[in-house]
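# Observations on chain architecture
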Amino acid sequence: MEINENLQAERNLKGAEFEKSGNLEKAIELYEENVAEDFKGNHPYDRLATIYKNQNDLENEIRVLEKAIVVYEEITIEDRLEGLPKLFRFKNRLEKAIETKKQLAKQKKAKLK
C-alpha cells in the first residue's frame, strides 16, 4: 500500500481543527486513519491517546500507545534519533495507562465484594 504523506499531514491538520471545534468523533476518525497507515510522526498517536484518556477509554488509549511504540521502534532502528525520546515517552504513557487499568480493576473488584 502506497502512503500519501501529504494526505496524512492534511488529516492531522483537519483533525486538530475538528478537535478545536469540539467534533472529537471526526478528529478521531482522521487520526485513526493515520494510525492504521503507521504514520511516522507522533501527532495522531499523542492526540488519540489524550482523547481516549479524557474519555476514560483505557482500551483504546492502550491500543494506540502500543501501536505508537511499534512505529517508533521502527523509526529508531532507521537511525532517526529524534524517535528515541518519543519512544520512551510513549512507553511511559503506556505503563501509566496499564497501571490505571489495573487500579480500576482492583477498585471494581473491591466494590463487588
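Everything here concerns the structure above.
Attention here is on the structure that accompanies the text. (Residues numbered from 1 in each chain as written. Predicted model: local features only at pLDDT ≥ 70, side-chain atom pairs only at ≥ 80, totals over all residues. Heavy atoms only, no water.)

### Some remarks on the packing of helix H4 (residues 58–77) against helix H5 (residues 83–112)
Closest axis-to-axis distance for the H4/H5 pair is 9 Å, and the angle between their directions is 155°. Taken together, H4 and H5 sit at an angle that is classed as roughly antiparallel. Remark: the crossing between H4 and H5 carries left-handed chirality. For the contact of H4 with H5, the per-class residue count stands at 14 nonpolar, 3 polar and 8 charged. (Axes fitted to C-alpha atoms, helices over the stretch in contact; angles between N-to-C directions. Helix = DSSP H or I, 4+ residues; strand = E, 2+ residues; numbered from the N terminus. Parallel < 35°, antiparallel > 145°, perpendicular 65-115°, else oblique. Left-handed = near helix turned anticlockwise from the far one by under 90°. Nonpolar A, V, L, I, M, F, W, Y, C, P; charged D, E, K, R; others polar.)

### Topic: the pattern of salt bridges
Oppositely charged side chains can pair when the atoms bearing their charge come close. Counted by the stated rule, this structure contains 11 salt bridges. We note a salt bridge from Asp46 to Arg89, for which the minimum N-O separation is 2.7 Å. Of the two residues, Asp46 sits in helix H3 (residues 43–54) while Arg89 sits in helix H5, which places them 43 residues apart along the sequence. You can call Asp46 buried: its relative accessible area is 11%. Here Lys91 ties to Glu73 by a salt bridge, and the two come within 3.6 Å at their closest N and O atoms. Here Lys91, found in helix H5, pairs with Glu73, found in helix H4; they are 18 residues apart in sequence, far enough to count as distant. Residue class for Lys91 comes out partly exposed when judged on its relative accessible area of 30%. (Salt bridge = Lys/Arg side-chain N within 4 Å of Asp/Glu carboxyl O. Buried < 20%, exposed > 50% of the residue type's maximum accessible area, 1.4 Å probe, protein only.)

### Quick notes on unusual backbone geometry
Not every positive phi belongs to a glycine, and Asp38 is a case in point at roughly 55°. Along the chain, Asp38 falls in the loop between helix H2 (24–36) and H3. If you check the backbone angles, Asn56 has positive phi at about 55° while not being a glycine. With respect to the helices and strands, the residue Asn56 is situated in the loop between H3 and H4. Judged by relative accessible area, Asn56 falls into the exposed class, the value being 70%.

The analysis is restricted to geometry; functional conclusions fall outside its scope.
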